[in-house]
Amino acid sequence: MSATNSRCFPPIFLEKAKIHVHLTDSHYKSPVMEKCIFASKENRRTSHLTTRATKREEDCNLVQQKNRNQKDWIHFVGVGGCGISALALLAVKHGFEVSGSDLKWSSFMDGLQQAGVRLHVGHSTLNIESENGSKFPNAIVVSSAIGQDNVEILLAKSLGIPVYKRDSWLAKLTQNHKLIAVAGTHGKSTTASLLAYVLKAMGDDLTALVGAYVPQFPGGNTIWGDGPHFVLEADEYDGCFLELSPYIAVVTNVEWEHVDFFQDEEAVKTFFRRFLKRIRMGGHLIICGDNSGAYSLLDYTSEGTKLEYANGAMSVPSSDTYGYNIITYGISSTNEWHASSICPNSKGGSDYILCHRGEPLAEISLQIPGTHNVLNSIAVIATVMVLLQGQRQVHELINSLKSHLPDFIGLSRRFETIGKIHGCQIYDDYAHHPTEVYCVLQAARQRFPSKRVVVVFQPHTYSRLAAFKDDFAAALSYADHVVITEVYSVREAGPWNVCGKDLTTFIVGSTSEYIPALDDVVEKLALEICKDLFRETIILTLGAGDINTVGPKLLHELQKRLNSKTHSFNVKLVAISATIDDDDDDDDDGIEHFCGDSFFPLFTLLISREGDVSCLNWNTIIDFFDRDGPTKSYRSALLCSPVVSVWDCIVRKMRYSYIPEWV
């Protein structure tokens, strides 16, 4: 019932009219006359009440008819967050009128605004009033990050408007679907996104909600469909996943995290065990057997017995024990689904052999980097095989998975490419836990084994930094140089006896420095990079706060400084042509591949006003000179090409033929 409808009630049952007649001795009336008077007044009273009731009923019907032509209104408090914004967008797709508020604007609100959501920056009672205060939302949905003293929540409760926390709303939203809930301390966003992407590519008309921006999702962080399947990233924070009833639950790993909510790792496990009890009878649990925290959830059965290992394979409790089936996955061959022969590929990701119970099934290729993403992909494979079993043949499912998994490009803020300029490549990642930082750095080392890795890390919350300071230091030591910024603190009050500067003193094996302000970080990095612009360097900005602004600002600053520096040069472009000396045993195979024995311009010199000489990479020059010589536009492009020292080139191997010159 809408807020307006709640003000209209059905006609009240008419009570018998009570007519009081005051008689005096001087005006005594006969009993017959008295009865007539009673009857007359009662009729008039009844007629009047009936008329009023009829009018009220007609007015109420008009309002109801009007409201049937109006959309129900749902208001989201904390709508700028990734999870709540996805719920708001899904509500729009379901035909609701949607509004939302948050303390500040976020990138997720851009998509909501385009979808027609009425958005407010800041919280106010006016945000949930419409038509001069005569209309209010039918329901309020609240982010876990919003306190119960929020003015919008208080007003809604005073008016009797239903207020749902995110977990309750998700439970209502998914109750009629076959829910696949992807949970875990780390990796749930990527796993849920990859699962939804693959199912969609395989023709499944599913609905999906994840807590990150996915470039390949039509709704950014949502997919909406009419089929029975619902893929959901299930968050453990604040017990958000405890009202769900999944048909399939995926648990990627379990560690101590959200230290402001969970006292220790055992408290986290307690919530996950409660989550597993929510799996529907006859459902499935897909769990990472390599992760000790996840697998410890099954360390005891209802009879209290421990899990055993037989012939190198894990003994998994039967469905009779829990009421659902258990499937394990991992790298280890003791798991039902596992990977072998993992190796880096040319796309920057990983290739591996997919195995089921020790038997190799297929070669899988990914373009998302890191062993952790190999694990995420195996979780997806195991889930698809369970979900679609009986609908397709096993070999058909495996072939479809093999075809679609390589096409997934990943999520925003998950090893996301920001840009490249000469020898410097900039990436951004959401990593804000020691395990996540370690995984990102391992992925960087896998993709760029010989390049210098510089990390800019913004600690997220004082409580997390205090709890994991030693673990952060150990993970960050895998970088060549580390910059620590001031702590990005949310949901925390009061002084803390820890700061970002303290972390730098614990990092061993890498150089480190403390630069509190992000703008100062950009300035310092730009200055250092410009000193050796063509040194192969990887910049990683890590954290869950506003550290993601550093990468784009740094790229812009480097471009600005490079353009300024280039324009200050009096530059001559000199093309040096050469032929390959076939008598030289040290000929470069790469050059011979491109040039053969033909006469071909090979590389170009940059001669500055001061007389400094540098040489453009010869591969780039071949691309340009293959178009009948450098035109004006090519010359402009050459100035932005990678530059190396002329003495590092292979001039000594060449016989110079001619040296044309362009100014």
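Residues numbered from 1 in each chain as written. Predicted model: local features only at pLDDT ≥ 70, side-chain atom pairs only at ≥ 80, totals over all residues. Heavy atoms only, no water.

Enquirer: Which residues make up the side chain of His 433, and what values go with them?
Expert: With respect to the secondary-structure elements, His 433 resides in the loop between strand 19 (424-429) and helix 12 (434-447). Relative accessible area serves as the criterion here: at 3%, His 433 is assigned to the buried category. For His 433, the side chain forms a polar contact with the main-chain oxygen of Trp 256, separated by 3.1 Å. Here the side chain of His 433 touches Thr 435 through a polar contact of 3.1 Å, landing on its backbone nitrogen. (Helix = DSSP H or I, 4+ residues; strand = E, 2+ residues; numbered from the N terminus. Buried < 20%, exposed > 50% of the residue type's maximum accessible area, 1.4 Å probe, protein only. Polar contact = N/O pair within 3.5 Å; in protein donor to acceptor, adjacent residues only side chain to side chain.)

Enquirer: Please give an account of the sheet that holds strand 10 (residues 248-251) that cites residues and values.
Expert: Pairing is mixed in the open sheet, where 10 strands are placed in the order 8-7-9-6-10-11-14-15-16-17. Of all the strands in the sheet, just strand 8 (222-223) and strand 17 (359-365) have a single pairing partner and so form its edges. In this sheet, strand 14 (residues 325-330) lies alongside strand 11 (residues 284-288) in parallel orientation, the contact comprising 5 bridges. Residue Leu 285 lies in a different strand from strand 14, and its bridge partner there is Ile 326. Strands in contact with helix 11 (residues 394-404) are strand 16 (350-356) and strand 17; relative to strand 17, the strand with the most contacts, it is inclined by about 25°. (Pairing = 2+ DSSP bridges. Contact = heavy atoms within 4.5 Å. Axes fitted to C-alpha atoms, helices over the stretch in contact; angles between N-to-C directions.)

Enquirer: If you had to explain the pattern of salt bridges to someone new, which residues and values would you point to?
Expert: The final tally for this structure, using the stated rule, is 18 salt bridges. Put simply, Arg 118 and Glu 97 hold a salt bridge, and the shortest N to O gap is 3.2 Å. In this pair, Arg 118 is assigned in strand 3 (residues 118-121) and Glu 97 in strand 2 (residues 97-102), connecting sequence segments 21 residues apart. Linking Glu 513 and Lys 524 is a salt bridge whose minimum nitrogen-to-oxygen distance equals 2.7 Å. Taken together, the positions of Glu 513 in strand 22 (residues 511-514) and Lys 524 in helix 15 (residues 518-531) put the pair 11 residues apart, joining distant regions of the chain. (Salt bridge = Lys/Arg side-chain N within 4 Å of Asp/Glu carboxyl O.)

Enquirer: Explain the sheet that holds strand 2 to me, and be specific about the residues and the numbers.
Expert: On the basis of which strands lie adjacent, the open sheet formed by 5 strands has the order 3-2-1-4-5 and parallel pairing. Both outer strands of the open sheet, strand 3 and strand 5 (163-165), are each paired with one neighbouring strand and no more. Neighbour-to-neighbour, the strand axes of this sheet turn through a mean angle of 20°, independent of strand direction. The sheet contact formed by strand 2 and strand 3 spans 4 bridges and is parallel. Looking at the pairing, Asp 102 lines up with Val 121 of strand 3. Each of strand 1 (73-77), strand 4 (139-142) and strand 5 is contacted by helix 5 (residues 166-174), which is oriented at about 90° to strand 5, the strand it contacts most.

Enquirer: Account for the packing of helix 2 (residues 82-93) against helix 5, with residues named and values stated.
Expert: Interhelical geometry of helix 2 versus helix 5 gives an angle of 35° and a closest axis separation of 12 Å. In this structure, helix 2 meets helix 5 at a crossing whose hand is left-handed. Across from Gly 83, Ile 84, Leu 87 and Leu 90 in helix 2, the residues of helix 5 making contact are Arg 166, Trp 169, Leu 170 and Leu 173. Classifying every residue of the contact of helix 2 with helix 5 gives 6 nonpolar, 1 polar and 1 charged. (Left-handed = near helix turned anticlockwise from the far one by under 90°. Nonpolar A, V, L, I, M, F, W, Y, C, P; charged D, E, K, R; others polar.)

Enquirer: Go over the environment of Tyr 322, please, and point to the residues and values.
Expert: Positionally, Tyr 322 belongs in helix 9 (residues 319-322). For Tyr 322, a relative accessible area of 24% gives the class partly exposed. Distance in space between the C-alpha atoms of Tyr 322 and Leu 298 is 9.8 Å, their sequence separation being 24 residues.

Enquirer: Explain the environment of Val 456 to me, and be specific about the residues and the numbers.
Expert: Within the fold, Val 456 resides in strand 20 (residues 452-457). Residue Val 456 is classed as buried on the basis of its relative accessible area of 0%. Separated by 59 residues in the primary sequence, Val 456 and Ile 515 place their C-alpha atoms 9.5 Å from one another. Val 456 has contacts with Val 483, Thr 485, Val 521, Leu 525, Leu 540, Thr 541, Leu 542 and Ile 547, leaving out every residue within four places of it along the chain.

Enquirer: I'd like a description of the confidence of the model for the chain, backed by residues and values.
Expert: The share of residues in the chain with pLDDT of 70 or more is 71%, and the mean pLDDT across the chain is 79. Every residue in residues 301-312 scores below 50 in pLDDT, and together they form 18 contacts with partners more than four places removed in sequence or on other chains. Confidence drops under pLDDT 50 across residues 567-663; counting only partners more than four residues distant or on other chains, this segment forms 161 contacts. (pLDDT = per-residue confidence, 0-100.)

Enquirer: Go over the packing of helix 6 (residues 188-201) against helix 10 (residues 371-387), please, and point to the residues and values.
Expert: Where helix 6 contacts helix 10, the axes come no closer than 9 Å and their chain directions differ by 45°. Judged by the angle between their axes, helix 6 and helix 10 are oblique. In this structure, helix 6 meets helix 10 at a crossing whose hand is right-handed. Residues Thr 190, Thr 191, Leu 194, Leu 195, Val 198 and Leu 199 of helix 6 form the contact with helix 10, whose own contacting residues are Asn 373, Asn 376, Ser 377, Ala 379, Val 380, Thr 383, Val 384 and Leu 387. Across the contact of helix 6 with helix 10, the residue classes break down as 8 nonpolar, 6 polar and no charged. (Parallel < 35°, antiparallel > 145°, perpendicular 65-115°, else oblique.)

Enquirer: So, unusual backbone geometry: which residues are in play, and what are the values?
Expert: Not every positive phi belongs to a glycine, and Arg 357 is a case in point at roughly 50°. Mapped onto the elements of the fold, Arg 357 is located in the loop between strand 16 and strand 17. The exposure class of Arg 357 is exposed, given its relative accessible area of 62%. In this structure, Thr 461 is a non-glycine residue whose phi angle is positive, near 75°. By secondary structure assignment, the location of Thr 461 is in the loop between strand 20 and helix 13 (462-476).

Enquirer: Any details on the packing of aromatic side chains? Residues and values, ideally.
Expert: A complete count under the given rule lists 14 aromatic pairs for this structure. When the centroid spacing of 5.5 Å and the interplanar angle of 50° are considered together, the rings of Tyr 237 and Phe 261 count as tilted. You can see Tyr 237 sitting in the loop between strand 9 (229-233) and strand 10 and its partner Phe 261 sitting in the loop between strand 10 and helix 7 (265-276), a full 24 residues away along the chain. Tyr 237 sits in the buried class, given a relative accessible area of 11%. Residue class for Phe 261 comes out partly exposed when judged on its relative accessible area of 33%. Between Phe 241 and Phe 272, the aromatic rings sit 5.2 Å apart at their centres with planes inclined by 85°, giving edge-to-face as the arrangement. Taken together, the residues Phe 241 in the loop between strand 9 and strand 10 and Phe 272 in helix 7 connect sequence positions 31 residues apart. For Phe 241, a relative accessible area of 1% puts it in the buried group. Looking at Phe 272, the relative accessible area reads 0%, which means it is buried. Lying over the aromatic face of Tyr 247, Lys 178 brings its terminal NZ or CZ to 4.7 Å of the ring centre. (Phe/Tyr/Trp six-rings, centres within 6.5 Å; stacked < 30°, edge-to-face > 60°. Lys NZ or Arg CZ within 6 Å of the ring centre and 35° of its normal.)

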